[in-house]
Amino acid sequence: MRSIMFNGVDFSEFCSAEVVEKAALPIVANTMTVPGRAGALLVSGRIPPRAVRVRLFMDARYKPGTNGLADVRHRVYSALASTGGGTLRLPDEPEFVYRDVVCTDAGAWSSLFEDGYGDVAFALLDPVAYGMERIERGASFEVGGTWPTWPTFVLVASAGSAVQVSYGGKLVRIEHSFTGGEVVHIDCEREVVTVDGADARADVTLASDLSTFPPGAYDLSVTGCASFEVRFRERWL
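What you see is a predicted model; the values in this text were computed from it and never measured.

**Here we look at the pattern of salt bridges**
Move 1: Under the definition given, this model contains 14 salt bridges.
Move 2: Residue Arg134 is joined to Glu136 by a salt bridge in which the shortest nitrogen-to-oxygen separation is 2.6 Å.
Move 3: Taking the relative accessible area as the measure of exposure, Arg134 reaches 23% and is therefore partly exposed.
Move 4: Look at Glu136 and you get buried, because its relative accessible area is 18%.
Move 5: Across the salt bridge formed by Arg134 and Glu234, the nearest N and O atoms sit 2.5 Å from each other. With Arg134 in strand β10 (residues 129–136) and Glu234 in strand β20 (residues 225–236), the pair connects residues that are 100 residues apart, well separated along the chain.
Move 6: We classify Glu234 as buried; its relative accessible area is 15%.

And the structure:
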């Protein structure tokens, strides 16, 4: 991968790129003062957005001429001007993608000719990268990465009164009058549950926990289903 891909636009058509700075991830501490205690009491911590600076090099791989170079610059400006944020893929880790990314700074080009370059800064509002989607159809599998990820379960129900998935001491149970063959979709990240596309969140039992997969080995227990699959993207901090 020779350049970045931002919000679906592949910059390799007109620029090459290199990552020149990727800030570390210090924890933002939330604290409270306790009378008689030195310092402060840690209440919680969070990971702030991550800053990444990329250097873009004019590299159209042909002689564009003055008008062509101006066209390249405007295409770069247009691609970076995404007010709603987007996804970002970097050349130093092309197998990962970052979500909720905005361009926060774009410096001047060093030159308006073919040897010009310019630095662009991005804020990774979600600082944890996503890997390729995995689909598992067996009960035992390993979740890699370095950060918990959100699974999605797709179950084909058998005739009965409930379907249930148990993993890591947690369960998701949907109580419904199934005739058999209904497709149950459980999206743990968005907390959306559907049966044949219809909203079924009211059928989710109170004991259910739509939680993450921390990295590690898993053995699922699935009941009330003719078949199932689990979809997730490993996440990397």
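**Points about the sheet that holds strand β1 (residues 5–6)**
Move 1: Judged by pairing direction, the sheet is antiparallel, and its seven strands sit side by side in the order β2-β1-β7-β8-β9-β6-β3 without closing on themselves. In the strand order of this sheet, the two ends are held by β2 (9–10) and β3 (15–22), each with one partner.
Move 2: Here strand β7 (residues 86–89) runs beside strand β8 (residues 98–106); their pairing, made up of two bridges, is antiparallel. By the bridge assignment, Leu88 is partnered in β8 with Tyr98.

Rules behind the numbers
Residues numbered from 1 in each chain as written. Predicted model: local features only at pLDDT ≥ 70, side-chain atom pairs only at ≥ 80, totals over all residues. Heavy atoms only, no water. Salt bridge = Lys/Arg side-chain N within 4 Å of Asp/Glu carboxyl O. Buried < 20%, exposed > 50% of the residue type's maximum accessible area, 1.4 Å probe, protein only. Helix = DSSP H or I, 4+ residues; strand = E, 2+ residues; numbered from the N terminus. Pairing = 2+ DSSP bridges.

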